[in-house]
2 protein chains.
Amino acid sequence: MEETPTSRAERRRRTEERILSAARTVFAERGFERATIRAIASMAEVDPALVMQYFGSKQELFDQAVRIPAIPPLNGALDELVEELLARVVIKIGPIPQASLAMMRSMLTHPEAAEGVRARLDEQVGQLGAAIPARDAELRAALMISTMLGVTIAHQLLDLTALRDVPADRLAKIVRPALVALTGPDAAAEES
Amino acid sequence: MEETPTSRAERRRRTEERILSAARTVFAERGFERATIRAIASMAEVDPALVMQYFGSKQELFDQAVRIPAIPPLNGALDELVEELLARVVIKIGPIPQASLAMMRSMLTHPEAAEGVRARLDEQVGQLGAAIPARDAELRAALMISTMLGVTIAHQLLDLTALRDVPADRLAKIVRPALVALTGPDAAAEES
DNA sequence: GTCTATATAAAGATAGAC
DNA sequence: GTCTATCTTTATATAGAC
């Protein structure tokens, strides 16, 4: 028998996606520990037991929910990389992916999330460091990433008063010189 | 009857202090949610029930444990403030207070901790902003604070590979120009 | 005053009815 | 295949023995 567009498999896939979407929202808002299967199921309008049936455990649900589709590599010329960093976390304010938020929200208290974030940031540090000609390239790259991390946390998660309702371009305009300063003197200028 | 140096009140005070110290350690390591009264009591070598007896609730224990004695105000000339910021979070790496760590560890998942951190950072932003002559003073101050927050989190809580075992003066030397860049052009240079 | 024992609550996980 | 009902665990909080 040919399967219709809304076959069992298709229906199941949609239900799973609805659960994953709800999970991202709840994990992003409350973090791993305070998020409950019940709350996620409620938001997805399914039975809590179904969530367990599909994903097996809360941890497994978290893993699948925060899995980010692609890991866009950081490469190119240094000044392009600075713009790319700004675009990712400052310009792109608003549509910051729920999955990233969920990961960040949980990273300080949930060991698995911490490990995931560290691995991803270490990777970005490596890519960025490769484009920095100054000495201490990796260290400089790590501090650039740390800066963007701090701005994102202060803005998106802590909601600092002074960062509320600030247009993206104003943020970018002020942060850019700081990032450039972190890249250090260019190779030609290094004569010490 | 005169009380000896180890009177009941004195013994109680010492026990309380031991519990608070253990609480700071456990809250700093695991965050509010994952920290348990049992673990804190065990570390302090007292009975779990005694902790409740003394502090009433886990939340109250947290409040008292993370209460930071003094709130040193940020004031002075701008270049001194930059040095003060560097001293507080970069140079002073190592003896960063357990209470601050506990607060930061919990700030993304525990609403009370988030509120406490936001209030404190907002306050620092105000003090720092008052010393910045450029336009967007508060915004610049907030971004400076965010930068230091990011470096602290990446270093102390996430343990980024590239930031491990880096001498404080090397960190400070690289971060300083970024902070200065965030302070913006001085008043004389602003002619637009 | 300190600790043993227990009450209470919440949430993850499972078994079985439909 | 989906959901009702329950089991089990864990941790906060309390009551009462010593």
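Going by what an unreviewed UniProt entry lists, chain A is known as TetR family transcriptional regulator and is assigned to Microbispora corallina.

It is worth spelling out the overall build of chain A at this point. Secondary structure assignment for chain A yields 9 helices and 0 strands. Overall, chain A shows an N-to-C arrangement of helices and strands of α-α-α-α-α-α-α-α-α. Sequence-distant contacts in chain A: of pairs separated by 6 or more residues, those separated by 24 or more amount to 69%. Carbon and sulfur atoms make up 52% of the accessible area of chain A, which totals about 9,600 Å².

Moving on, we come to the protein's contact with DNA strand D. The local shell around DNA strand D consists of Asp-47, Ala-49, Leu-50 and Tyr-54 of chain A together with Ala-35, Thr-36, Ile-37, Arg-38, Ala-49, Met-52, Ser-57 and Lys-58 of chain B. Among the atoms of DNA strand D lying within 4 Å of the protein, the sugar-phosphate backbone contributes 70%. Take Tyr-54 of chain A: an N or O atom from its side chain is 3.0 Å from a phosphate oxygen of DNA strand D. Of all the secondary-structure elements, those providing two or more residues to the surface near DNA strand D are helix 3 (48-55) of chain A together with helix 2 (37-44) and helix 3 (48-55) of chain B. Per-element accounting of the surface near DNA strand D gives the leading share, 3 residues, to helix 3 of chain A. Across the surface near DNA strand D, the residue classes break down as 7 nonpolar, 2 polar and 3 charged.

All names here are of chain B. Counting across every chain of the model gives 8 aromatic pairs over all chains. On the numbers, 5.3 Å between centres and 85 degrees between planes, the contact of Phe-32 with Phe-62 is edge-to-face. Pair noted here: Phe-32 is in helix 1 (residues 8-34) and Phe-62 is in helix 4 (residues 58-66), with a separation of 30 residues, a long-range link. Neither residue differs from the other here; Phe-32 and Phe-62 are each classed as buried.

Counting residues at the interface gives 47 residues for chain B and 47 residues for chain A. Summing both partners gives a buried area of about 4,000 Å² for chain B against chain A, and 71% of it is carried by carbon and sulfur. Contact with chain A buries surface across chain B, with Leu-108, Leu-158 and Ile-174 of chain B losing the most and accounting together for 19% of the total. Residue Arg-34 of chain B is joined to Glu-33 of chain A by a salt bridge in which the shortest nitrogen-to-oxygen separation is 2.3 Å. Of all elements in the fold, only helix 1, helix 6 (98-106), helix 7 (111-129), helix 8 (137-157) and helix 9 (168-183) of chain B reach the threshold of two or more residues within the side of chain B that touches chain A. Examining the composition of the side of chain B that touches chain A, we find that 13 residues originate from one element, helix 8 of chain B, more than from any other.

Taking the UniProt record as the reference, the feature "DNA-binding region" (unreviewed entry) is found at residues 36-55 of chain A. Annotated as residues 36-55 of chain A, this span is 80% helix and 0% strand, and its ends, taken at the C-alpha atoms, are 14 Å apart.

Quick look at the protein's contact with DNA strand C now. What surrounds DNA strand C is the set Ala-35, Thr-36, Ile-37, Arg-38, Ala-49, Met-52, Ser-57 and Lys-58 of chain A together with Asp-47, Ala-49 and Tyr-54 of chain B. Among the atoms of DNA strand C lying within 4 Å of the protein, the sugar-phosphate backbone contributes 62%. Interatomic distance of 3.1 Å between a side-chain N/O atom of Tyr-54 of chain B and a phosphate oxygen of DNA strand C. The set of elements that each furnish at least two residues to the surface near DNA strand C consists of helix 2 (37-44) and helix 3 of chain A together with helix 3 of chain B. The class makeup of the residues in the surface near DNA strand C is 6 nonpolar, 2 polar and 3 charged.

Thresholds, definitions, all that
Residues numbered from 1 in each chain as written. Chains lettered and ligands numbered in written order. Predicted model: local features only at pLDDT ≥ 70, side-chain atom pairs only at ≥ 80, totals over all residues. Heavy atoms only, no water. Helix = DSSP H or I, 4+ residues; strand = E, 2+ residues; numbered from the N terminus. Contact = heavy atoms within 4.5 Å. Areas by Shrake-Rupley, 256 points an atom, 1.4 Å probe, with all protein chains shown as cover. Near = heavy atom within 4 Å. Polar contact = N/O pair within 3.5 Å; in protein donor to acceptor, adjacent residues only side chain to side chain. Nonpolar A, V, L, I, M, F, W, Y, C, P; charged D, E, K, R; others polar. Phe/Tyr/Trp six-rings, centres within 6.5 Å; stacked < 30°, edge-to-face > 60°. Buried < 20%, exposed > 50% of the residue type's maximum accessible area, 1.4 Å probe, protein only. Buried area = accessible area lost by both parts, 1.4 Å probe. Salt bridge = Lys/Arg side-chain N within 4 Å of Asp/Glu carboxyl O. UniProt positions renumbered as here; feature names shortened; annotations may be inferred.

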